[in-house]
Amino acid sequence: MTVNDAGDRTGLLAEPPLSYGQILRLDELLRVARVHEDDVDRTLFLATHQSCEIWFAVLLRHLEIAGRALRDGDGGTALRRIEPLPTVMRVLGGQFDALATLAPDAFGRIRVELGDTSGFQSVQWREVEFLCGLRDERLLRTRGFTEADRERLRARLAAPSVADSFDAYRAGGHPPELVERVRAALLSLDEAAALWRARHAALAERFLGGAPGTAGSEGADYLWRAARRRLFPAAWPQD
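Report follows, based on the coordinates. (Residues numbered from 1 in each chain as written. Predicted model: local features only at pLDDT ≥ 70, side-chain atom pairs only at ≥ 80, totals over all residues. Heavy atoms only, no water.)

**A word on the overall build of the protein**
Turning to step 1, where the next piece is worked out: Helix and strand content of the protein: eleven helices and two strands.
Turning to step 2, where the next piece is worked out: In the protein, the succession of helices and strands from N to C terminus is β-β-α-α-α-α-α-α-α-α-α-α-α.
Turning to step 3, where the next piece is worked out: Taken over C-alpha atoms, the radius of gyration comes to 23 Å for the protein, far larger than the 18 Å a tight globule of 239 residues would show.
Turning to step 4, where the next piece is worked out: Considering the protein as a whole, with its 239 residues, one finds that 40% of them fall into the buried category.
Turning to step 5, where the next piece is worked out: Partitioning the intrachain contacts of the protein with sequence separation of at least 6 by distance along the chain shows that 69% fall at a separation of at least 24. (Helix = DSSP H or I, 4+ residues; strand = E, 2+ residues; numbered from the N terminus. Rg over C-alpha atoms; globule rule 2.2 N^0.38 Å. Buried < 20%, exposed > 50% of the residue type's maximum accessible area, 1.4 Å probe, protein only. Contact = heavy atoms within 4.5 Å.)

**Considerations on the packing of helix α3 (residues 40–71) against helix α5 (residues 85–99)**
Angle between the axes and distance between the axes are the two parameters that describe a pair of packed helices.
Turning to step 1, where the next piece is worked out: At a closest axis distance of 9 Å, the pairing of α3 and α5 adopts a crossing angle of 170°. As judged from the angle between their axes, α3 and α5 are roughly antiparallel. Counting all contacts with α3, which are made through L44, F45, T48, H49, S51, C52, W55, F56, L59, H62 and L63, the residues of α5 involved are L85, V88, M89, V91, L92, Q95, A98 and L99.
Turning to step 2, where the next piece is worked out: Within the contact of α3 with α5, the residues separate by chemical class into 14 nonpolar, five polar and no charged. (Axes fitted to C-alpha atoms, helices over the stretch in contact; angles between N-to-C directions. Parallel < 35°, antiparallel > 145°, perpendicular 65-115°, else oblique. Nonpolar A, V, L, I, M, F, W, Y, C, P; charged D, E, K, R; others polar.)

**What to know about the side chain of E127**
Turning to step 1, where the next piece is worked out: Looking at where E127 falls in the secondary structure, it is placed in helix α7 (residues 123–132).
Turning to step 2, where the next piece is worked out: Contacts of E127, omitting those with residues within four sequence positions, involve L60, R152, L153 and R156.

**Concerning unusual backbone geometry**
Most of the time, phi is negative for any residue but glycine, and the peptide bond is trans.
Turning to step 1, where the next piece is worked out: A positive phi is found at R25, a non-glycine position, where the angle reads about 55°.
Turning to step 2, where the next piece is worked out: Examined against the element boundaries, R25 turns out to sit in the loop between α1 (20–24) and α2 (26–33).
Turning to step 3, where the next piece is worked out: We classify R25 as exposed; its relative accessible area is 52%.

What follows is the structure, given as structure tokens:
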């Protein structure tokens, strides 16, 4: 508010609403994403990986909330946060479909340019695995991780996993029908993650054959084995 010479109070003009681009911070986002590089193939390669990292961050937020809710005995909130995640995994699979459009020589050239960097070094995906309950401490030694990366992963290891939280929730005397719905949602997420890993393996085999991957990985062979790993073994039918 302002006061004029006569003592009248006049309201300031309201601030204009934020635009679509401002809400999404598009100028900043597209600058960081380097979408205007001359090499359009490299742009596609980087954009798909950057998109994956954004979705990994979404997965982490949902899983964190779901884990806390299960520990608090709130199966309804956990269910609301878990149920969208298979769809997120399918969206992530679409990133591999986009990468598959690259010509083999373009993929090979970009891979050489990027040196020893690799999606194997995605700290956020390792956080997703650790937070769910798939905890392979050997991954802390991944070449290319910074000490800050390792600290993030150690923090995930020290915190309760979603799998542990579900086990406690299932044993806590909650309504059986809600427990079953949470179990089914975890199973659907696990299945979607396995399919995503298998799509990744097929893409690696498409471009690399049996050649080793970067950052110390074994390439497609490792990815095919990883597709057999389960985030939530207890959610699957037991023998």
